[in-house]
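# Architecture and fold: a report
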Amino acid sequence: FPLTFAAMVGMHAVFYILFPSISPWPGVAVALTLGANLIILTILTHPYPFIDASGGIDWNMSQLLASSLCFLVFVNIGTQLIIFTHLFLHTKSREVKIISLIMIFLLVIGIANMFVHFFLPGITNNFWRTRIFDIMFAVMGLIFIIVFLPPPVIIKWISKIKSQ
């Protein structure tokens, strides 16, 4: 439900920002349909997750359920990617361009991560798929933390020193 709601809000935001003269409801309906499909498939084909020998979680879900989940995640990430790309291309502020570019980079890593996790189960074994997913997820988190947490504190500290 939260993933479906986030996809609906993301679709509404894309239409609101990029196409203000077009009704956002077709995009929201697509997200709602994907979410409803995912919920129905989850009820009909239960995933049975377990921890495998490598220590990773094998979700043990049908390929149809995994594909539906992946598409809904793609909609969530894709809407943000569209918004930040638009922001990067149309803003004049250097700081906003840098932040947008970093977010675009993180979102592309997120899309690649979801692809590895949900579309490669038949191609690779669970050990490597889980490790790649975990490493990419950790890299995204570290980049996010390093880029967005220390700079405001450092800027505040520098401005405090300059004012003294």
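Residues numbered from 1 in each chain as written. Predicted model: local features only at pLDDT ≥ 70, side-chain atom pairs only at ≥ 80, totals over all residues. Heavy atoms only, no water.

## Regarding the overall build of the protein chain
Which entries qualify depends on this criterion: Strands here are runs of E lasting at least two residues and helices are runs of H or I lasting at least four, both read from the DSSP assignment and numbered beginning at the N terminus. Note that the radius of gyration is over C-alpha atoms, with the globule rule given as 2.2 Å times the number of residues to the power 0.38. Throughout, exposure labels follow a simple rule: accessible area from a 1.4 Å probe, protein chains only, divided by the maximum for the residue type, with under 20% read as buried, over 50% as exposed, and the rest as partly exposed. Any pair of residues with heavy atoms lying within 4.5 Å of one another is described as a contacting pair. The Shrake-Rupley method, run with a 1.4 Å probe sphere, supplies the accessible areas, and residue values consider only the shown protein chains as cover. Only four residue types enter the charge count: Lys and Arg as positive, Asp and Glu as negative, with His and the chain ends excluded. For this purpose, a charge sits on NZ of Lys, CZ of Arg, CG of Asp or CD of Glu.
Summing up its helical and strand segments, the protein chain has six helices and two strands in all. Starting at the N terminus and ending at the C terminus, the protein chain contains elements arranged as α-α-β-β-α-α-α-α. Relative to the compact-globule value of 15 Å for 164 residues, the protein chain shows a C-alpha radius of gyration of 19 Å, a clear excess of over 25%. Taking all 164 residues of the protein chain together, 31% fall into the buried category. If you take every contact in the protein chain between residues at least 6 apart in sequence, the share linking residues at least 24 apart comes to 62%. Of the roughly 10600 Å² of accessible surface on the protein chain, 78% is carried by carbon and sulfur atoms. Both charge centroids of the protein chain, one from 8 positive and one from 4 negative side chains, sit 21 Å from each other.

## Let's talk about the packing of helix H3 (residues 63–90) against helix H4 (residues 94–119)
Heads up, the rule is: Angular values range over 0 to 180 degrees, each being the angle between N-to-C directions of two axes fitted as lines to C-alpha atoms, with helices fitted over their stretch in contact. Each angle is binned into one of four classes, with values under 35 degrees roughly parallel, values over 145 roughly antiparallel, values of 65 to 115 roughly perpendicular, and all other values oblique. Crossing handedness is defined as follows: a turn of the near helix away from the far one that is anticlockwise and smaller than a right angle gives a left-handed crossing, while the clockwise case is right-handed. Residues are grouped as follows: nonpolar covers Ala, Val, Leu, Ile, Met, Phe, Trp, Tyr, Cys and Pro; charged covers Asp, Glu, Lys and Arg; every other residue, Gly included, is treated as polar.
In the contact formed by H3 and H4, the axes pass within 9 Å of each other and the chain directions differ by 170°. Overall, the two elements H3 and H4 adopt an arrangement that is roughly antiparallel. Crossing geometry of H3 relative to H4 is assigned as left-handed. A per-class count over the contact of H3 with H4 returns 23 nonpolar, six polar and one charged.

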